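The lines below spell out each chain.
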Amino acid sequence: SQQGEEDPQALSIQEGENATMNCSYKTSINNLQWYRQNSGRGLVHLILIRSNEREKHSGRLRVTLDTSKKSSSLLITASRAADTASYFCATDSWGKLQFGAGTQVVVTP
Amino acid sequence: GAGVSQSPSNKVTEKGKDVELRCDPISGHTALYWYRQSLGQGLEFLIYFQGNSAPDKSGLPSDRFSAERTGGSVSTLTIQRTQQEDSAVYLCASSLGAHREQFFGPGTRLTVL
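Residues numbered from 1 in each chain as written. Chains lettered and ligands numbered in written order. Predicted model: local features only at pLDDT ≥ 70, side-chain atom pairs only at ≥ 80, totals over all residues. Heavy atoms only, no water.

Student: Where do I start with the state of the cysteines in this structure?
Tutor: Here a disulfide denotes one covalent bond, and it connects the sulfur atoms of two cysteines. Applying the stated rule across the entire model yields 2 disulfides over all chains. Note on cysteine connectivity: Cys23 of chain A is disulfide-linked to Cys89 of chain A, with sulfurs 2.0 Å apart. Around the S-S axis, the bridge from Cys23 of chain A to Cys89 of chain A shows a dihedral of about 65° and counts as right-handed. With Cys23 of chain A in strand E3 (residues 19-24) and Cys89 of chain A in strand E9 (residues 85-92), this pair connects stretches of sequence that are 66 residues apart. Like Cys23 of chain A, the residue Cys89 of chain A is buried in the burial classification. Here Cys23 of chain B pairs with Cys92 of chain B through a disulfide, and the sulfurs are 1.8 Å apart. The sign of the -65° torsion about the S-S bond sets the Cys23 of chain B-Cys92 of chain B disulfide as left-handed. You can see Cys23 of chain B sitting in strand E3 (residues 19-24) and its partner Cys92 of chain B sitting in strand E8 (residues 88-95), a full 69 residues away along the chain. (Disulfide = S-S within 2.5 Å. Helix = DSSP H or I, 4+ residues; strand = E, 2+ residues; numbered from the N terminus. Buried < 20%, exposed > 50% of the residue type's maximum accessible area, 1.4 Å probe, protein only.)

As structure tokens, then:
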């Protein structure tokens, strides 16, 4: 079974726009991680946010975590065509990751 | 430095045959994980090795699946008597320890005919 539920399932935007996706989960966590997967390729780690953190930035990425609502969001600012990929949230409760179903993001030039 | 490597990259087998999938983690990473990704089930955890502790096998879907990690480094995932529903991409990951970011290999695409 999957811990995370992601919203939306798919997102289509134009270059330069921001993309926001959300993740909800059910149980308490040690941390939550976001990964990117390009078509036919492996998972690339983007950012890790611990349960005692509320916001984290990495380049054009901004992640928030609300443990009271058991939810997280990933914001990609000033999107580029190269950001086209599937994005997954994954919760870490016992060391292993439980993934959401992912959000497919398409960025058109 | 070198990332996580997996072999073979693709494996086609007949139903009922056994297969072995190999993972070479990043040097120095004490934790190693196996996941699989399929259209119907998404990304699923299979098994987790951390140092010398007993592995967490809670994600293995049946007793046809087993894994070992020799010398705290290379791991092999074995699927016995393969079934068509075993067709998936099997992903290996490693990390510096528990609750750290995980680095994934490119995966092995298994097709069971």
